[in-house]
Amino acid sequence: MTSGPVHIHERTALVTGGASGIGRACVLALAAAGAKVHVVDRDGAGARRVAGEVGGWAHAVDLADAEAVAALPTEVDILVNNAGLQHVAALHEFPPERFELIQRVMVTAPFLLIRRCLPHMYARGWGRIVNISSVHGLRASAFKSAYVAAKHGLEGLSKVAAIEGAPHGVTSNCVSPGYVRTPLVENQIEAQAREHGIDADQVVERVLLDRVPLKRLIEAEHIADLVLWLCGPHAGHLTGASLPVDGGWTAT
Ligand code: NAD
């Protein structure tokens, strides 16, 4: 496989959760490669800020709301299902409404968006679906039942999209990171440092990356580089896969 700079000037992308972290990095990378980008987030101000940085379009949408999802554009060549949230609690105490919300945002919304965007991709004979999953789409951890169930669901959905999309030039893959340096994780580090009475570096090494051989947080830009790479012509045969960017976590 060869790879060079990816040019996607004639493409339109839609990135969910584009106001922050990995989603924002994906918006910047896709726009820098020439795509026009729809930035979708429930944080409307954040979406407008990021869209403004790249001359894209902002959509203030709560992905848990199927009617709001139904109003999003369908003429999309590159769909990045990225928005997500976490809730940590033991199974026997896990709030059912929180579990259900996480499935809606992280599985049902990607399904609705894929379903809506496929006809346009099929008509053009080209499409890229990139689902930001997680190591937790491939491995389980205690106290994260909703998140682990949703990410495993997203991995399954992505494979079905790959099989159905193949005759139409549409690929679908999961990018499955370990811990990435984003506001979500930085807040967890601060909280854990206070709780354990240790400094932030020690939290990263001993708590978050306890099971991970490579003891460094991943940068959001590196995830975005891989998402962009999946949009290049060299990646046309890579479909139905999960690409773990996890510092060796899934090798253990
Ligand atoms: P983040 O909190 O920085 O960004 C998530 C974005 O999603 C936010 O802008 C938020 O407003 C948006 N969002 C959440 N719920 C939404 C909803 N109902 N409707 C619309 N937008 C909504 O998080 P991040 O770390 O960049 O995570 C992005 C994705 O990457 C998530 O799917 C997450 O599970 C996944 N991921 C993150 C890590 C990590 O370590 N940060 C690791 C593996 C996977």
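Residues numbered from 1 in each chain as written. Predicted model: local features only at pLDDT ≥ 70, side-chain atom pairs only at ≥ 80, totals over all residues. Heavy atoms only, no water.

Caption draft 1: Local environment of the domain arrangement of the protein chain. The assigned domain composition of the protein chain is domain 1 (12–179 + 219–244) and domain 2 (181–216). Taking only C-alpha atoms into account, the centre of domain 1 sits 25 Å from that of domain 2. Taken together, the contact pairs eight residues of domain 1 with eight residues of domain 2. Across the domain 1 to domain 2 interface the summed buried area is about 720 Å²; carbon plus sulfur atoms make up 55%. The interface formed by domain 1 and domain 2 includes one salt bridge. Of the charged contacts, one joins Glu 219 and Arg 181 as a salt bridge, the two residues approaching to 3.1 Å between their closest N and O atoms. (Domains from an automatic or database assignment. Contact = heavy atoms within 4.5 Å. Buried area = accessible area lost by both parts, 1.4 Å probe. Salt bridge = Lys/Arg side-chain N within 4 Å of Asp/Glu carboxyl O.)

Caption draft 2: Highlighting the sheet that holds strand 4 (residues 78–81). Here seven strands make up an open sheet; going across it, the order is 3-2-1-4-5-6-9 and the pairing parallel. A strand with exactly one partner marks an edge of an open sheet, and here the two such strands are strand 3 (57–60) and strand 9 (242–245). Strand-to-strand twist across the sheet, computed as the mean angle between neighbouring axes with direction ignored, equals 15°. Taken together, the five bridges between strand 1 (residues 12–16) and strand 2 (residues 36–41) define a ladder with parallel strand orientation. When the bridges of strand 2 are listed, Val 15 appears paired with Val 39. Contacting strand 4, strand 5 (127–132), strand 6 (170–177) and strand 9, helix 8 (residues 220–230) runs over the sheet at an angle of about 165° to strand 6. (Pairing = 2+ DSSP bridges. Helix = DSSP H or I, 4+ residues; strand = E, 2+ residues; numbered from the N terminus. Axes fitted to C-alpha atoms, helices over the stretch in contact; angles between N-to-C directions.)

Caption draft 3: Region of interest: unusual backbone geometry. One non-glycine residue, Phe 143, adopts positive backbone phi at about 70°. With respect to the helices and strands, the residue Phe 143 is situated in the loop between strand 5 and helix 5 (145–165).

Caption draft 4: Inspection of the environment of Ala 224 at higher detail. Tracing the sequence through the fold places Ala 224 in helix 8. Relative accessible area serves as the criterion here: at 2%, Ala 224 is assigned to the buried category. With 202 residues separating them along the chain, Ala 224 and Ile 22 place their C-alpha atoms 6.8 Å apart. Residues contacting Ala 224, with those up to four places away along its chain left out, are Ala 25, Cys 26 and Ala 29. (Buried < 20%, exposed > 50% of the residue type's maximum accessible area, 1.4 Å probe, protein only.)

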